[in-house]
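Chain and residue survey
The primary structure of each chain is shown beneath.
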Amino acid sequence: MRQETIAIHGGYDRDPVSKSVAVPIYQTVAYAFDSADHAAALFNLEVEGNIYSRIGNPTNNVLEKRIAALEGGVGALTVGCGVAAVDYAISTVTETGANIVSVPQLYGATYTLFAHILPRRGVATRFANSDQPEDIEPLIDADTRAVYCESVGNPAGNVADIAALAACAHRHGVPLIVDNTVATPILLRPIEHGADIVLHSLTKFIGGHGTTLGGILVDSGRFDWKANAARFPMMSTPEPSYHDVVYTDHYKEAAYIGRARTVCQRNTGSVLAPLSAFLLLQGLETLPLRIARHVENARLVAAHLRADPRIAWVNHASFPDNPYHGLVVRYLGGQAPSIMTFGLAGGFAAGKRFFDALRLFTRLVNMGDAKSLVTHPASTTHRQLTPAEQARAGVSPEMIRFSVGIEHIDDLLEDIDQALDAAGGRR
Ligand code: PLP
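Residues numbered from 1 in each chain as written. Predicted model: local features only at pLDDT ≥ 70, side-chain atom pairs only at ≥ 80, totals over all residues. Heavy atoms only, no water.

1. Some points on the domain arrangement of the protein chain
Selection criterion: Reported domain spans reflect what an automatic or database domain assignment gives. By buried area we mean how much accessible surface two parts lose on assembly, using a 1.4 Å probe and totalling the loss over both. Should a side-chain nitrogen of Lys or Arg be within 4 Å of a carboxyl oxygen of Asp or Glu, the pair is scored as a salt bridge. By the criterion applied in these results, polar contacts are pairs of N or O atoms within 3.5 Å in which, for protein atoms, one can donate a hydrogen and the other can accept it, and in which residues neighboring in sequence qualify only through two side-chain atoms. We count a stretch as a helix when DSSP gives it H or I for four or more residues in a row; a strand needs E for two or more, and each element gets its number in order from the N terminus. Any residue that is not Ala, Val, Leu, Ile, Met, Phe, Trp, Tyr, Cys, Pro, Asp, Glu, Lys or Arg is counted as polar, Gly included; the first ten are nonpolar and the last four charged.
Per the domain assignment, the segments making up the protein chain are domain 1 (3–282) and domain 2 (287–424). For the pairing of domain 1 and domain 2, the buried interface totals around 3,200 Å² over both sides, and the portion due to carbon and sulfur atoms is 64%. On the domain 1 side of the contact with domain 2, Pro155, Leu187 and Phe205 bury the most area, a combined 23% of that side's loss. Arg330 is paired through a salt bridge with Asp161; the nearest N and O atoms lie 3.6 Å apart. In this assembly, domain 1 and domain 2 are joined by 16 residue pairs in polar contact (both at pLDDT 80 or more). Among the elements of the structure, helix H1 (3–9), helix H5 (108–120), helix H7 (162–171) and helix H8 (184–187) are those that each provide at least two residues to the side of domain 1 that touches domain 2. The residue makeup of the side of domain 1 that touches domain 2, split by class, is 23 nonpolar, 16 polar and 4 charged.

2. Looking at empty space enclosed by the protein
Rules: A cavity here means a set of 1 Å grid points, computed over protein atoms only, where a 1.4 Å probe fits but cannot escape. A pocket is an open set with protein on both sides within 12 Å along at least 5 of 7 lines, and lining residues have an atom within 4 Å of a point. Grid points are joined across faces, edges and corners, and a volume is the space filled by probe spheres set on the points.
This model, assessed by the stated rule, comprises 3 cavities of 30 Å³ or more. Volume-wise, the largest cavity comes out at about 70 Å³. In terms of lining, the largest cavity is formed by Val152, Gly157, Val159, Asn315, His316, Ala317, Val328, Ala336, Pro337 and Ile339. The space that makes up the second largest cavity amounts to roughly 40 Å³. Around the second largest cavity, the lining residues are Ser53, Arg54, Ile55, Gly56, Asn57, Asn60, Glu64, Thr78, Arg261, Gln265, Val271 and Leu272. Among the elements of the structure, helix H3 (58–71) and helix H11 (255–268) are those that each provide at least two residues to the lining of the second largest cavity. Partitioning the lining of the second largest cavity into residue classes produces 3 nonpolar, 6 polar and 3 charged.

3. Here we look at the site of the ligand
As a reminder of what qualifies: A molecule or strand has a residue near it when one of that residue's heavy atoms lies within 4 Å. Exposure was quantified through the Shrake-Rupley algorithm and a 1.4 Å probe, taking into account, for residues, occlusion by the shown protein chains and nothing else.
In the vicinity of the ligand lie 13 residues, with Gly82, Asn154, Asp179, Ser201 and Thr203 positioned nearest. At 2.6 Å, a side-chain N or O of Asp179 approaches a nitrogen atom of the ligand. At 3.0 Å from an oxygen atom of the ligand is found a side-chain nitrogen or oxygen belonging to Lys204. Contact with the protein chains covers 93% of the free accessible surface of the ligand, which is 390 Å².

4. A short note on the layout of surface pockets
The probe, sized like a water molecule, is rolled over the atoms to show the empty space still left. Taken as a whole, the largest pocket spans an internal volume of roughly 930 Å³. Surrounding the largest pocket, 28 residues form its lining, Glu48, Gly49, Asn61, Tyr251 and Arg261 being those nearest its centre. Secondary structure elements with two or more residues in the lining of the largest pocket: H3, strand S1 (75–79) and H11. The class makeup of the residues in the lining of the largest pocket is 14 nonpolar, 9 polar and 5 charged. The volume enclosed by the second largest pocket comes to roughly 390 Å³. Looking at the second largest pocket, it is lined by 23 residues, and the ones nearest its centre are Val83, Tyr107, Asn154, Ser201 and Lys204. Put simply, the parts of the chain that give the lining of the second largest pocket at least two residues each are helix H4 (82–91) and strand S6 (197–201). Tallied by class, residues from the lining of the second largest pocket come to 10 nonpolar, 9 polar and 4 charged. In this structure, the lining of the second largest pocket is formed jointly by two domains, domain 1 (3–282) and domain 2 (287–424), each of which donates at least three residues.

5. Things to note about helix H13 (residues 287–307)
Basically, it comes down to this: For a helix, the expected span equals 1.5 Å multiplied by the number of residues minus one. The classification of residues rests on relative accessible area computed with a 1.4 Å probe and restricted to protein chains. Under 20% of the type maximum is buried, over 50% is exposed, and intermediate values are partly exposed.
Between the first and last C-alpha of H13 there are 30 Å, a value that for 21 residues agrees with the 30 Å anticipated at 1.5 Å per step. If you check which residues of H13 are buried, you get Leu287, Pro288, Arg290, Ile291, His294, Val295, Asn297, Ala298, Val301, Ala302 and Leu305.

6. Topic: the sheet that holds S6
What counts is decided by this rule: DSSP-based pairing: two strands are paired if at least 2 bridges between them are found. Working convention: axes come from line fits to C-alpha atoms, limited for helices to the stretch in contact. Angles between N-to-C directions cover 0 to 180 degrees. By definition in these notes, contact holds between two residues if any of their heavy atoms fall within 4.5 Å.
The sheet built from 7 strands is open, its strands ordered S1-S7-S6-S5-S4-S2-S3 with mixed pairing. Each end of this open sheet is capped by a strand with a single partner; those strands are S1 and strand S3 (124–127). Direction aside, neighbouring strands of the sheet carry axes that sit 20° apart on average. Inspection of the sheet shows S6 paired to strand S7 (residues 215–219) by 5 bridges, in the antiparallel sense. Its bridge partner being in S7, Val198 is matched across the sheet by Val218. Seen against the sheet, H5 touches strand S2 (99–102), S3 and strand S4 (144–150) and runs at an angle of roughly 130° to S3.

7. A closer look at the packing of helix H12 (residues 274–285) against H13
Put simply, the rule reads: If an angle is under 35 degrees, it is roughly parallel; if it is over 145, roughly antiparallel; if it lies from 65 to 115, roughly perpendicular; otherwise it is oblique.
Contact geometry for H12 and H13: axes closest at 5 Å, N-to-C directions at 60°. Judged by the inter-axis angle, H12 sits oblique to H13. Residues Gly283, Leu284 and Glu285 of H12 lie in contact with H13, whose contacting residues are Leu287, Pro288 and Arg290. When the residues that make up the contact of H12 with H13 are grouped by side-chain class, the tally is 3 nonpolar, 1 polar and 2 charged.

8. Considerations on helix H14 (residues 325–332)
Filter applied, for reference: The arc in question is the one traced by the directions running from the helix axis out to the C-beta atoms.
Listing the buried residues of H14 in full gives His325, Leu327, Val328, Tyr331 and Leu332. Projected down its long axis, H14 shows its buried positions confined to an angular sector of 155°, all on one face. Looking at the buried residues of H14, the elements they touch are H7 and H8. Once H14 ends, the next one or two residues include Gly333, with phi positive near 55°.

9. Here's the deal with the sheet that holds strand S8 (residues 311–315)
Pairing is mixed in the open sheet, where 5 strands are placed in the order S8-S9-S12-S11-S10. What marks the edges here is a single partner per strand, and that holds for S8 and strand S10 (362–363). Most of the contacts of H13 go to strand S9 (residues 339–344), to which it runs at about 10°, and overall it touches S8, S9 and strand S12 (400–403).

10. Digging into the side chain of Asn158
Of note, Asn158 is situated in the loop between S4 and H7. Excluding anything up to four places from it in sequence, Asn158 contacts Gln105, Asp131, Ser151, Val152, Gly153 and Tyr324.

Structure below.
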């Protein structure tokens, strides 16, 4: 099936009893055992089935199968939100003394997790000076457990050269983990280019309506954990916390996602509510349609901003002179996502007046909604970073970020124009 069809039908065989056309919301904590032997077999992973909704739920399972299919993975795990997906992606393969190597252009809470929280758990983050493989590779050593990037950085808008990063990680027997939130599998499928693990904040474009938090991890099934057993003993040696299961034996190519579920989720409990999974599935059905409109509106908004002398600069990879345009062509079919940043010629003060004068664009911290949204990253999403860290993450003090929605383009352009007029300064 093509992406448009998977987004609507993937992972759901009509419930044989109810024949429900919509995916049912299984609002239950637990599932009945037929007998003591059945319960024991479930716990021993000898038979498949549901046990308890902290480790699996049929509604969530449809969303997991659907997104795994969209990304081309062998399995997926839904969690409560995107940052939990980032945390579990790392926690599944790290222990005290390990390090990860990351690009510097990251979503703010991911940066904080890597720079401040993981080190307190004994996992160091080595931030490269750029997203270029030649800056990443020298940082990988015997204790490195993952290379990490966002396929399209939020808010930097940089595009990771996934094939090159995967090649440099794989040369050292290390997996590449990619946050694909901004691009979505409609624009980019990182696994096709060598990524081993893909994650999403489902809260953004996939949900698409600003109603529901969610996160997901997708396992490509391609990383050879056994061949790299010295680095990843937790994958191919008996797991003491789960009666000595060996993930690579039991889950075979889906070992990573099996461990994420039975170690991270089972014991620390970031869980997606089944009602949330249902709402996210509604959003997912129209994702391909919405993304096409997001991309087109963003291209037009970026061009409009750039043509106005009251705007000093616009960063959007739809411009042929953008340094990442070549990678947008290569990895995203030339379709730059609808996140863009810009600064006003009048600097921070004019930007603040413009921000306050917008009527249709909603001032908030979020992105990927059908509605157009505006954010000031330096004072919100990236506030905890020092000015130097902000600069490395691609955030400047005057920078405004748009997440362009799917409204009529003329209404968006008119709102921008009236806000520029209100902010003062001659055209
Ligand atoms: N990854 C990216 C790229 C994000 O932009 C965000 C949130 O903005 C997250 C992860 C975290 O997602 P959530 O808010 O669902 O925890």
